[in-house]
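# Overview (structure and organization)
What follows is each chain in one-letter form.
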Amino acid sequence: MVVQLLTWRRSRRRAPEPVHGVNAVHGLPGGVPERPAAYADPAAAEEFLTMFHAENPAAGPVKPRLREVRAEITRTGTYTHTPGELAFGARVAWRNSSKCIGRLYWRSLRVRDRRHVDTPEGVAVECVNHLRDAAPGRRIRPTITVFAPDRPGIPGPRIWNEQLIRYAGYEMDDGSIVGDPRYARFTTMLRKLGWPGGGGTPFDVLPLAVSIGDGPPLLSTIPGDAVLEVPLVHPVYPWFERLGLRWHAVPAISNMCLEIGGICYRAAPFNGWYMGTEIGARNLADADRYDLLPTVARSMGLDTGTDRSLWRDYALVELNIAVLHSFERAGVTMTDHHTESRRFLTHLDREERAGRSCPADWSWIVPPISASATPVFHRYYEDEQLSPNFVHHRDSADRGLGRCIALS
């Protein structure tokens, strides 16, 4: 079998709970009638379908489709996207993602329609297949796998992991953490639910946790052949290889809702490829993550006793050089922050020429290293929430973690 099942699940399904304090479709606070997330908003459906037919003239006139969807919502409380609508909606959600700098290739997103998969085992298998399909020959392809949404009385699947691949953080008796501190609490939860843990290294891949609705999760390991990893070396410093660092190559976000026309696909993992700074300037460098800057600086012989030596800056640059060099040496797709900044401005120009708004969150678009040396630094952007999009819902944020710890 593709995945190893490690624990249990409950077969009884419960109807989804309503979202309190926000509109389940648009996330607008106050004054908006609450609607359970499983029910479709006819206005949101009409807005999306009008966009779809406007940007896809071959789909024909929109009015017959609107009549069909209104009737389906009246009859069932929701409606079903066609494969074409789903693919377009997923791509536009990427186009509208204000925190993503890499949107130039939004049209190239590969959409894996897996709405027929309705068991935790099936979802886990398809997540593993996603990882394999996203990296043929080590060339990363933007990919999304869309599972069934919640429907009235029929909850869809949930993936509890923030990304399909993340590393465990083991809490030691002395308070230290082996691995990624960001996932120490999540690792503890999985251990309470039956995961025996990995080898105890700083880079043990966490199992997937998948549930239906609010039920407890099924845990499944990810086979090694589905985890493309790159060992990190430096083009100049031989000691760098002895640090034993590596990182996974497919950043597949799995805890966000894909919202299309009033339908929320809570399980829809998607990936692009890494920009080097995401690994070298954040995952490996942040003080609350792997915190490697002091180690690299000492190995370089830098003076870490004073901030004025700029030891962090020197170490940060060399760490990022190692990441870019290692991915290139391994033949794995990766981009650098200078190239991606220029690409983003190309995307911005194309969207403006197409008469579309291009929302952007400055704090996310500007790279975390050498910010003012990139062209995206020297301007401001409109940051608005457009639909379709990838969003977090208040009713799902961190509830699974607390609920599962309470159950265990």
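Up top is the structure these notes are about.
## Considering the pattern of salt bridges
It is possible for side chains bearing opposite charge to pair when their charged atoms get close. Under the defined criterion, the tally for this structure stands at 21 salt bridges. In this structure, the salt-bridge partner of D133 is R112, at a minimum N-O distance of 3.1 Å. With D133 in helix 4 (residues 120-133) and R112 in strand 1 (residues 110-114), the pair connects residues that are 21 residues apart, well separated along the chain. According to the relative accessible area criterion, D133 is partly exposed, its value standing at 26%. Residue R266 is joined to D150 by a salt bridge in which the shortest nitrogen-to-oxygen separation is 3.3 Å. Note that R266 is positioned in the loop between strand 12 (263-265) and strand 13 (270-271) and D150 in the loop between strand 2 (143-147) and strand 3 (157-159), a separation of 116 residues in sequence. By relative accessible area, which is 7% here, R266 ends up buried. Its relative accessible area of 5% is what places D150 among the buried residues. Sharing partners across several salt bridges, the network here consists of E55, R95, E351 and R356.

## Quick look at the sheet that holds strand 7 (residues 218-220)
An order of 3-6-7 is seen for the 3 strands of this open sheet, with the pairing classed as antiparallel. Pairing within the sheet leaves two strands with one partner each, and these edge strands are strand 3 and strand 7. The average undirected angle you get between the axes of adjacent strands in this sheet is 25 degrees. One ladder, built from 3 bridges, connects strand 3 with strand 6 (residues 208-212); its direction is antiparallel.

## A closer look at the packing of helix 1 (residues 42-55) against helix 3 (residues 83-95)
At a minimum axis separation of 11 Å, helix 1 and helix 3 run at an interaxial angle of 95 degrees. It follows from the interaxial angle that helix 1 and helix 3 lie roughly perpendicular. Along its contact with helix 1, which presents F48, L49, M51, F52 and E55, the element helix 3 presents G84, E85, F88, G89, V92 and R95.

## What to know about a nonpolar patch on the surface
On the surface, a cluster of nonpolar side chains totalling about 350 Å² of accessible area is made up of W362, F377 and Y380. Turning to its location among the elements, Y380 is positioned in the loop between helix 10 (362-365) and strand 14 (389-391). With a relative accessible area of 73%, Y380 lands in the exposed category.

## Overview of helix 3
For helix 3, built from 13 residues, the straight-helix expectation of 18 Å at 1.5 Å per residue is met to within 8% by its first-to-last C-alpha distance of 18 Å. By the criterion of burial, helix 3 is predominantly enclosed, with 10 of the 13 residues buried. Taken together, the buried positions of helix 3 are E85, L86, A87, F88, G89, A90, V92, A93, W94 and R95.

## Here we look at the sheet that holds strand 11 (residues 257-260)
One open sheet holds the 3 strands; their spatial order is 12-11-14, and the pairing between them is antiparallel. On the outer flanks of this sheet lie strand 12 and strand 14, each paired with one strand and no other. Within the sheet, the average angular offset between the axes of one strand and its neighbour, ignoring direction, is 30 degrees. Looking at chain direction, strand 11 and strand 14 are connected through 3 bridges and run antiparallel. Each residue of the ladder has a partner; that of C257, found in strand 14, is V391. With respect to the sheet, helix 3 is in contact with strand 11, strand 12 and strand 14, its orientation differing from that of strand 11 by roughly 115 degrees.

## Brief notes about the pairing of strand 2
Regular strands place their side chains on alternate faces of the sheet. Among the 5 residues that make up strand 2, 5 are buried, leaving the element largely enclosed by the rest of the structure. Going residue by residue along strand 2, you find T143, T145 and F147 tucked away on one face and I144 and V146 tucked away on the opposite face as well. Relative to strand 2, strand 1 runs parallel, the two sharing 5 bridges. Looking at strand 2, one finds that R112 is bridged to T145. This β-α-β element, strand 1 to helix 4 to strand 2, shows right-handed connectivity. Note: strand 2 against strand 13, 2 bridges, orientation antiparallel. Looking at the pairing, I144 lines up with F270 of strand 13.

## Structural notes on the packing of helix 7 (residues 293-300) against helix 8 (residues 311-330)
Viewed as axis vectors pointing N to C, helix 7 and helix 8 meet at an angle of 95 degrees, and their least axial separation amounts to 9 Å. Our classification of the angle between helix 7 and helix 8 gives roughly perpendicular. The segment helix 7 lies against helix 8, with L293, P294, V296, A297 and M300 engaging W311, R312, Y314, A315, L316, E318 and L319. For the contact of helix 7 with helix 8, the residue count by class is 10 nonpolar, no polar and 2 charged.

Reading the values: rules and limits
Residues numbered from 1 in each chain as written. Predicted model: local features only at pLDDT ≥ 70, side-chain atom pairs only at ≥ 80, totals over all residues. Heavy atoms only, no water. Salt bridge = Lys/Arg side-chain N within 4 Å of Asp/Glu carboxyl O. Helix = DSSP H or I, 4+ residues; strand = E, 2+ residues; numbered from the N terminus. Buried < 20%, exposed > 50% of the residue type's maximum accessible area, 1.4 Å probe, protein only. Pairing = 2+ DSSP bridges. Axes fitted to C-alpha atoms, helices over the stretch in contact; angles between N-to-C directions. Parallel < 35°, antiparallel > 145°, perpendicular 65-115°, else oblique. Contact = heavy atoms within 4.5 Å. Patch = residues over 30% accessible without salt bridge, like charges linked within 9 Å, V, L, I, M, F, W, Y side chains within 5 Å. Areas by Shrake-Rupley, 256 points an atom, 1.4 Å probe, with all protein chains shown as cover. Expected span 1.5 Å × (residues − 1). Right-handed = clockwise from strand over helix to strand, strands pointing away. Nonpolar A, V, L, I, M, F, W, Y, C, P; charged D, E, K, R; others polar.

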